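Examination of the molecular architecture
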Amino acid sequence: MEYQDGMDRDTFEILDDLRSTIEEAKGAFGNRQQCQIDREDLLGLLEELEAVLPEDIRNATTIVRRREEILARAEDDAARIIEDARMQAETLASEQEIVRIARIQHDEILAAAEQYDRDIREGANDYADDVFYHIERELDGWIENVRGNRERFVNISEQ
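Please read all numbers here as calculations on a predicted model, not as lab measurements. (Residues numbered from 1 in each chain as written. Predicted model: local features only at pLDDT ≥ 70, side-chain atom pairs only at ≥ 80, totals over all residues. Heavy atoms only, no water.)

Glancing now at the overall build of the protein. Each helix and strand in the protein was counted, giving 2 helices and 2 strands. Start at the N end of the protein and walk to the C end: the helices and strands fall as α-β-β-α. Taken over C-alpha atoms, the radius of gyration comes to 56 Å for the protein, far larger than the 15 Å a tight globule of 159 residues would show. Along the longest, intermediate and shortest principal axes, the C-alpha atoms of the protein span 180 × 30 × 25 Å. (Helix = DSSP H or I, 4+ residues; strand = E, 2+ residues; numbered from the N terminus. Rg over C-alpha atoms; globule rule 2.2 N^0.38 Å.)

So, in structure tokens, the structure goes:
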């Protein structure tokens with residue numbers, strides 16, 4: 001059925017009319033709990049309700065189904081987002097672990113290189129000191145030899 005303005009009535013409007021009809025009904029013999037209702041008006045409203053109700057139920061079912069689909073998609077999206085976040089967290093943790101290990105290796109390599117540098121310098125210094133000691137001993141021997149030869153030369157020339 002259509003309203004006077006050509007628009008279809010919905011279930012709630014019809015239920016409102018049913019309620020109004022019952023509330024406005026005349027009381028029966030002074031008793032407000034019982035009333036007289038125009039049977040044709042009430043049956044007409046019930047027919048309207050029967051005509052509209054299946055469409056409203058179909059619409060509600062469609063809405064519920066769409067809602068369930070949206071919720072399912074949202075749950076899938078949420079699960080995917082959570083999995084992506086977990087994987088990114090693992091990747092970051094892994095990268096941080098790699099950086100941490102690289103820093104440890106860097107520190108170890110640097111410490112080893114510094115120790116090697118100290119060892120080489122100490123070895124070079126010891127070698128240089130040893131070479132200078134032997135040169136000094138050789139020069140001392142040559143100087144003694146030169147002195148001895150000079151003294152002999154002086155002694156020979158004085159004679």
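The structure having been displayed, the exposition proceeds.
Glancing now at the nonpolar core. Residues Ile 14, Leu 18, Leu 45, Leu 49 and Val 52 constitute the largest nonpolar core, which totals 5 residues. Taken together, the elements giving at least two residues each to this core come down to helix H1 (11-24) and helix H2 (39-158). Not counting residues up to four positions away in its chain, the partners in contact with Leu 45 are Arg 9, Ile 14, Asp 17, Leu 18 and Thr 21. (Core = buried A, V, L, I, M, F, W, Y, C linked by side-chain atoms within 4.5 Å. Buried < 20%, exposed > 50% of the residue type's maximum accessible area, 1.4 Å probe, protein only. Contact = heavy atoms within 4.5 Å.)

Bringing a negative patch on the surface into the picture now. A contiguous patch of negative charge, built from Asp 119, Glu 122, Asp 126, Asp 129 and Asp 130, is present on the exposed surface. Mapped onto the secondary structure, Asp 126 falls in helix H2. Owing to a relative accessible area of 48%, Asp 126 belongs among the partly exposed residues under this scheme. (Patch = residues over 30% accessible without salt bridge, like charges linked within 9 Å, V, L, I, M, F, W, Y side chains within 5 Å. Areas by Shrake-Rupley, 256 points an atom, 1.4 Å probe, with all protein chains shown as cover. Salt bridge = Lys/Arg side-chain N within 4 Å of Asp/Glu carboxyl O. Lys, Arg positive; Asp, Glu negative; His and termini not counted. Charge placed at Lys NZ, Arg CZ, Asp CG, Glu CD.)

In this section: H2. Helical geometry: 3.6 residues make up each α-helical turn, so side chains three or four residues apart lie on a common side. For H2, spanning 120 residues, the distance from its first C-alpha to its last is 171 Å, which sits close to the expected 178 Å at 1.5 Å a residue. Val 52 marks the point of greatest bend in H2, at about 30°, and the proline Pro 54 comes within the next four residues. Those residues of H2 not exposed but buried are Leu 45, Glu 48, Leu 49 and Val 52. Buried positions along H2 lie against H1. One side-chain oxygen of the residue at the start of H2 lies 3.0 Å from the amide nitrogen of Glu 40, identifying that residue as Asp 38. (Expected span 1.5 Å × (residues − 1). Bend = angle between axes of the 7 residues up to and from the residue. Polar contact = N/O pair within 3.5 Å; in protein donor to acceptor, adjacent residues only side chain to side chain.)

For Glu 23, the location among the structural elements is in helix H1. Residues Glu 23 and Ile 37, 14 residues apart in the sequence, show an inter-C-alpha distance of 9.8 Å.

Another aspect to go through is the packing of H1 against H2. Packing of H1 against H2 brings their axes to within 9 Å, and their N-to-C directions diverge by 160°. As far as their axial angle goes, H2 and H1 are roughly antiparallel. The hand of the H1/H2 crossing is left-handed. Across from Thr 11, Ile 14, Leu 15, Asp 17, Leu 18 and Thr 21 in H1, the residues of H2 making contact are Leu 42, Leu 45, Leu 46, Glu 48, Leu 49, Val 52, Leu 53 and Asp 56. Residues belonging to the contact of H1 with H2 are distributed by class as follows: 9 nonpolar, 2 polar and 3 charged. (Axes fitted to C-alpha atoms, helices over the stretch in contact; angles between N-to-C directions. Parallel < 35°, antiparallel > 145°, perpendicular 65-115°, else oblique. Left-handed = near helix turned anticlockwise from the far one by under 90°. Nonpolar A, V, L, I, M, F, W, Y, C, P; charged D, E, K, R; others polar.)

This part takes up the pattern of salt bridges. Evaluated as defined, the whole model comprises 6 salt bridges. Here Glu 83 and Arg 86 are joined by a salt bridge, their closest N and O atoms 2.2 Å apart. One end of the pair, Glu 83, and the other, Arg 86, are both in helix H2, 3 residues apart, so they sit about a helical turn from each other. Assessed through its relative accessible area of 32%, Glu 83 is described here as partly exposed. Note that Arg 121 and Asp 117 form a salt bridge whose closest N and O atoms lie 3.1 Å from each other. Linking Arg 121 with Asp 117, this pair stays in helix H2, spanning 4 residues, or about one helical turn. Overall, the relative accessible area of 36% leaves Asp 117 in the partly exposed class.

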